[in-house]
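Below, each chain spelled out in residue letters.
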Amino acid sequence: MLLIPIPMLSQGTYIDENALQPAQVNTYWNWGDVHTADLQLYQLDGIQERNLTSEQRAEFFRTEFSKLGLAASIQNYTFSTSKGTVSGNNAYAVMSSPRAAGTEAIVISASWLSRAGRGTLNLRGTSTVLSLAAFLKDYSLWAKDIIFIISDDYLHGMHAWLNAYHGTIPSNLRTDPLEHTSGVIWTALNIDYSSHSFSHLGVFYEGLNGRLPNQDLINSFRLISHYTGGVPMTVYDHLEYSDSVDKLPEQNLFPPWVPPFIKQSPQLQQYGYRVRNVVRHIGYQARGMCSGVHGLMHQFRIDAITLFAVPADGPHGFHALGRIVESTLRTMNNLLERLHASFFFYILTSPGTFMKIGMFLPSTILVSVAMLFRGLGEWVTAGWVCEISEVSLKGNETEKSSPAKGTWRNRRRPMLSALIVVVTTHVLGVLVFNLVCSRWFAEYPSVSFIFTTVSVIPPVLLPLLSTNAPEAAPTSMLLKSSNLCLASTVISIMSLLNFSLAAMLVTTMGIPLATSCTSSSTTTSRLRYAGYCVLAWGWLVLVPGEVESAIWNWEVLGVWFAPFICIVYAPLVMQAAIVCLQGS
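Residues numbered from 1 in each chain as written. Predicted model: local features only at pLDDT ≥ 70, side-chain atom pairs only at ≥ 80, totals over all residues. Heavy atoms only, no water.

A. A look at the packing of helix α2 (residues 54-67) against helix α3 (residues 123-136). Contact pair α2 / α3: the axes reach a minimum separation of 9 Å and the direction vectors enclose 25 degrees. What the angle tells us is that α2 and α3 run roughly parallel. The way α2 lies across α3 gives a crossing that is right-handed. Taking contact as the criterion, the partners of Phe61, Glu64 and Phe65 in α2 are, on α3, Thr126, Val129, Leu130 and Ala133. When the residues that make up the contact of α2 with α3 are grouped by side-chain class, the tally is five nonpolar, one polar and one charged. (Axes fitted to C-alpha atoms, helices over the stretch in contact; angles between N-to-C directions. Helix = DSSP H or I, 4+ residues; strand = E, 2+ residues; numbered from the N terminus. Parallel < 35°, antiparallel > 145°, perpendicular 65-115°, else oblique. Left-handed = near helix turned anticlockwise from the far one by under 90°. Contact = heavy atoms within 4.5 Å. Nonpolar A, V, L, I, M, F, W, Y, C, P; charged D, E, K, R; others polar.)

B. Looking closely at the sheet that holds strand β11 (residues 346-350). Here we have three strands laid out as an open sheet, ordered β1-β12-β11, and antiparallel in their pairing. The strands lining the two open edges of the sheet, one partner per strand, are β1 (11-12) and β11. As defined by bridge partners, β1 adjoins strand β12 (residues 353-356) across two bridges and the pair is classed as antiparallel. Bridge assignment links Gly12 to a residue of β12, and that residue is Thr353. (Pairing = 2+ DSSP bridges.)

C. Quick look at the pattern of salt bridges. Considering all chains together, one arrives at 11 salt bridges under this definition. Glu548 is the salt-bridge partner of Lys83, the closest N and O atoms lying 2.7 Å from each other. Linking Lys83 in the loop between β2 (71-81) and β3 (84-95) with Glu548 in helix α20 (residues 544-557), this pair joins segments that are 465 residues apart in sequence. A salt bridge links Glu378 to Lys480; the shortest N-O distance between them is 3.8 Å. Taken together, the residues Glu378 in helix α11 (residues 362-382) and Lys480 in helix α16 (residues 475-497) connect sequence positions 102 residues apart. Pair check on accessibility: Glu378 and Lys480 agree, each one buried. A network of salt bridges, in which partner residues are shared, links Arg374, Glu378 and Lys480. (Salt bridge = Lys/Arg side-chain N within 4 Å of Asp/Glu carboxyl O. Buried < 20%, exposed > 50% of the residue type's maximum accessible area, 1.4 Å probe, protein only.)

Below, the structure written as structure tokens:
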């Protein structure tokens, strides 16, 4: 996996869909529209100073959309979670296409909070959406409806709107039906512009549960940003070394203790930059998190990305951003069908290069196949036993130079005990998952108590691993065999659904599960068991913030990382831990 960021394994990006024709139009966004955006920003600054409520903000946005003659409305919503309720108000408007029946639509959105964090408001992104609504309605070239959305908070506002739009309202969401709707949404742009000006436009593209947009959308935006707006695109907010050395020194790719001759190596600088992109991609995708508001749309087969204005002292602002968004909308307006020709499984290693699935998938498949063969080897070994007869032993006394010869005999492999252990550990995982998602855990987060309990209960299963029948294989060997085969199957399936999660499983389960074994020493067995317990359930104690985030993502956004860890990953590791208890 360390080879993934190597430049020679990547290839240049290209456009597959001929209908897109990116950066091939004359844009009409001018300085008058920039002045409109500045006026909207002035009003939003007043809203911030007056500290208006969510309802008052949404009413202001609805009024602004209505002044433009657009069909506008407000959506009130409330999510119920184990920690209480989360509520908000979204404002949205629909601009009907003058040239089509409104069966397809494009979304332009901005959340009230920026992904920059720490309560940073996305004021300039919101003002860009409002000014674009005033600008786009004056042109009759649109073949698709355009939906403008200003969602509350950061993620849950857009999630509530999307569920109401598509009629997939979960049981913990209370909201009224949308007053205005349109056709099928094909593509979407989310604008995140929180600073005074920017130097680069970063693209965030990961969606919920590892989904990715069609790569043609990102490739088109890169060309438009470069040729139409004159703004370099970057992956996330990572600037290349040549760009960040003077502007953002804190983004240096190497720690201070690295010798200067290594820091100045162009090859290592390029490799380090790609490593940062790959690691961040894996961090988002493995946890099932979306890297921005756009990621909520992928589950509805909407290709969407977030345009993040990387904060800087210049030189770009509303003028460049408006031209880029207009040209990107014109490109998406050219589509005759959904984006389908380009890749859906890829890793962007740099703005202009990517790795397709055939280049990085073998890194996890090879490990999963090796685990499968190791499990099958354990199964074969468990079915045979070598017996040395007394005649061979007497003969060996006279001929000490040659070892005693034994006879291989087949023996039974009863799977019932191993199956009981497997089922019990997964049931324990279900109980832990329901416990951490309960209101009791939200009020009394006793992670140490849960960790101790789930670590003490499995030794009760130890008698199931003991067998007095000499003609039967040890249950520990059968358990290890089934454990490795099951883990191999899980990793193979995850490699296609979510490569980053499969890579994480290979790292945390590959060697530990393959090296689990019994020991005649009680101390060694117990130390091994404790290590496996920490690997399986240690996250409850070591990263409580991530636990809370994973639970919230599951309850509100439907991210299945939390149930997967509790019900699949941790039980598999605990089965390897129980194997180590044999002989203690």
